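What follows is the residue order along each chain.
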Amino acid sequence: MHYAAELANVGAEVVFSVDINTSANEVYRHNFKETNQQSRNIESLSANEINKLMPDIIMMSPPCQPFTRVGLKLDVEDSRCSSFLHLLDVLPHLETVSLVLMENVVGFETSEMRNAFTKALKSCGFYFREFLLSPVSLQIPNSRNRYYLVAKKFNFAFGTETDILTAFPSNSCDVDMPVGQKTLETYLEKNFANEEMARYLLPAKTLVKYWRILDVRQRTDISSCCFTKAYTHYAEGTGSVLQHDSSESFPEKFAEFEKDGNVAHLKPLQLRYFTPREIANLMGFPAHFSFPENTSLRTRYRLLGNSLNVLVVSSLLKILLK
């Protein structure tokens, strides 16, 4: 969210940041040392404390577990909704907030929490628009379909509150649409050292057990699957892997492997995981973004899997502020 505000180039100053995840807070402080960042439960925030900060906008990404397709979908009954519900209670008492931007998983749009959220916004005089958007809409070769809501105190020039838009408004000149589709090659790290390569190669046991369900991508591909927090920990549905050596024939090597089950046939392909830096690139994080040295590889993947696409949010912010 912070990087999206910077990228939108609207003169935004982040006056306060709050999260309860220790690892996320460490990475945030590492990159934004001057920002007032606190590790605390949002339920401890009062309207009075927020009003003292005089914010114009609240940008948020509430816990998605109550609405995710693989969860129990307890919706408002899930205890992880308590912080969001607290914010709705506080909203009528916020004196300076005139803009809201919220992100969540697909599925939120049919939830009771969504109904409570939009009802609270309306009662406070907000107009809102809802979206289901993926970076693919900005010709970024990565699928990450997410729910977004933007709200402000005066009406929008597009859509209605009964529509859920699946593309950026066609009349919005504020969204920077790239010219031409980029391939994955654009986002990959260059000059891999052998010891670094070994860190990301798929283990032989993973190849033997899961080769049929791996989503293998080439450098020239113009798409990739969504990277989740379980990437590298689970093989199915957590993100694409890359054929690092593009000089080898993928169909031929897999045909040889299928005949006798000898995993050595696959070795020349150098099948590997995308690195955290590459995933960050696909998600629009700037080149100067970094992790603290003590952040483990698994934690980096988990944090990125729980994150959002900076370019999509930046584009929505420009629309919101228009």
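Residues numbered from 1 in each chain as written. Predicted model: local features only at pLDDT ≥ 70, side-chain atom pairs only at ≥ 80, totals over all residues. Heavy atoms only, no water.

Chemist: It is not clear to me how helix α2 (residues 22-31) should be interpreted in this structure. Could you clarify?
Modeler: In an α-helix, one turn spans 3.6 residues, which is why side chains three or four residues apart end up on the same side. Along α2, the residues classified as buried are Asn25, Val27, Tyr28 and Asn31. Down the axis, α2 shows its buried residues gathered within 165° of arc, on one side only. Each element contacted by the buried residues of α2 is listed here: α1 (2-8), β1 (17-19), β2 (37-39) and α10 (297-305). (Buried < 20%, exposed > 50% of the residue type's maximum accessible area, 1.4 Å probe, protein only. Helix = DSSP H or I, 4+ residues; strand = E, 2+ residues; numbered from the N terminus. Arc of directions from axis to C-beta. Contact = heavy atoms within 4.5 Å.)

Chemist: Would you take a moment to explain the nonpolar core for this structure?
Modeler: Across soluble globular proteins, nonpolar side chains have a tendency to be buried as a group. Judged by nonpolar contacts, the single largest core of 59 residues is most densely connected at Tyr231, Phe274, Ile279, Phe285 and Leu316. When residues of this core are assigned to their parent elements, the largest contribution, seven residues, is made by helix α11 (residues 310-320). Viewed by domain, this core spans two of them, domain 1 (1-175 + 307-321) and domain 2 (190-274), each represented by three or more residues. When near neighbours in sequence (up to four residues on either side) are disregarded, isoleucine 279 contacts Phe227, Tyr231, Phe274, Tyr301 and Leu304. Among the nonpolar cores identified, the runner-up in size contains 28 residues, and Ile58, Phe108, Leu132 and Leu149 belong to it. (Core = buried A, V, L, I, M, F, W, Y, C linked by side-chain atoms within 4.5 Å. Domains from an automatic or database assignment.)

Chemist: Hey, could you run me through the environment of phenylalanine 108 in this one?
Modeler: Locating phenylalanine 108 in the fold gives a position in the loop between β4 (99-105) and α5 (112-123). Looking at phenylalanine 108, the relative accessible area reads 0%, which means it is buried. Sequence separation between phenylalanine 108 and valine 97 is 11 residues, and the spatial gap between their C-alpha atoms is 23 Å.

Chemist: How do you make sense of the state of the cysteines when you look at a structure like this?
Modeler: Simply put, the disulfide is a covalent bond whose two ends are the sulfur atoms of two cysteines. Within this structure, the stated rule accounts for zero disulfides. Cysteine cysteine 225 remains unbridged, with the sulfur of cysteine 226 as its closest cysteine sulfur at 8.4 Å. (Disulfide = S-S within 2.5 Å.)

Chemist: Can you help me understand the packing of aromatic side chains in this one?
Modeler: When we look at a pair of aromatic rings, we describe it by the centre distance and by the angle of the planes. Applying the stated rule across the entire model yields 18 aromatic pairs. The interplanar angle of 80° and the centroid separation of 5.0 Å between the aromatic rings of phenylalanine 227 and tyrosine 231 together place this pair among those described as edge-to-face. Residue classification places phenylalanine 227 among the buried residues on the basis of a relative accessible area of 2%. Relative to phenylalanine 289, the ring of phenylalanine 285 lies with its centre 4.7 Å away and its plane at 50°, an arrangement referred to as tilted. (Phe/Tyr/Trp six-rings, centres within 6.5 Å; stacked < 30°, edge-to-face > 60°.)

Chemist: Looking at this model, I keep getting lost on the pairing of strand β5 (residues 127-133). Mind explaining?
Modeler: Regular strands place side chains that alternate from one sheet face to the opposite one. Where burial is concerned, most of β5 is hidden: six out of the seven residues are buried. Note that β5 and strand β6 (residues 146-152) share seven bridges and pair antiparallel. The residue of β6 that forms the bridge with leucine 133 is arginine 146. With two bridges connecting them, β5 and strand β7 (residues 164-165) associate as parallel partners. Considered in β7, the bridge of phenylalanine 131 is made with leucine 165. (Pairing = 2+ DSSP bridges.)

Chemist: Sorry if this is basic, but what is going on with the domain arrangement of the protein chain here?
Modeler: Think of interface size as the accessible area that goes away when the parts come together; that is how it is often given. Along its sequence, the protein chain is carved into domain 1 (1-175 + 307-321) and domain 2 (190-274). Distance from the C-alpha centre of domain 1 to the C-alpha centre of domain 2: 35 Å. Tallying the contact residues gives five residues for domain 1 and seven residues for domain 2. Taken together, both faces of the contact between domain 1 and domain 2 bury some 460 Å²; the carbon and sulfur share is 37%. When residues of domain 1 are sorted by the area they lose upon contact with domain 2, Pro141, Asn142 and Ser143 head the list and together hold 68% of the total. Across the domain 1-domain 2 interface, the total number found is zero salt bridges. Taken together, the links from domain 1 to domain 2 amount to six residue pairs in polar contact (both at pLDDT 80 or more). Looking at side-chain class alone, the side of domain 1 that touches domain 2 contains one nonpolar, two polar and two charged residues. (Buried area = accessible area lost by both parts, 1.4 Å probe. Salt bridge = Lys/Arg side-chain N within 4 Å of Asp/Glu carboxyl O. Polar contact = N/O pair within 3.5 Å; in protein donor to acceptor, adjacent residues only side chain to side chain. Nonpolar A, V, L, I, M, F, W, Y, C, P; charged D, E, K, R; others polar.)

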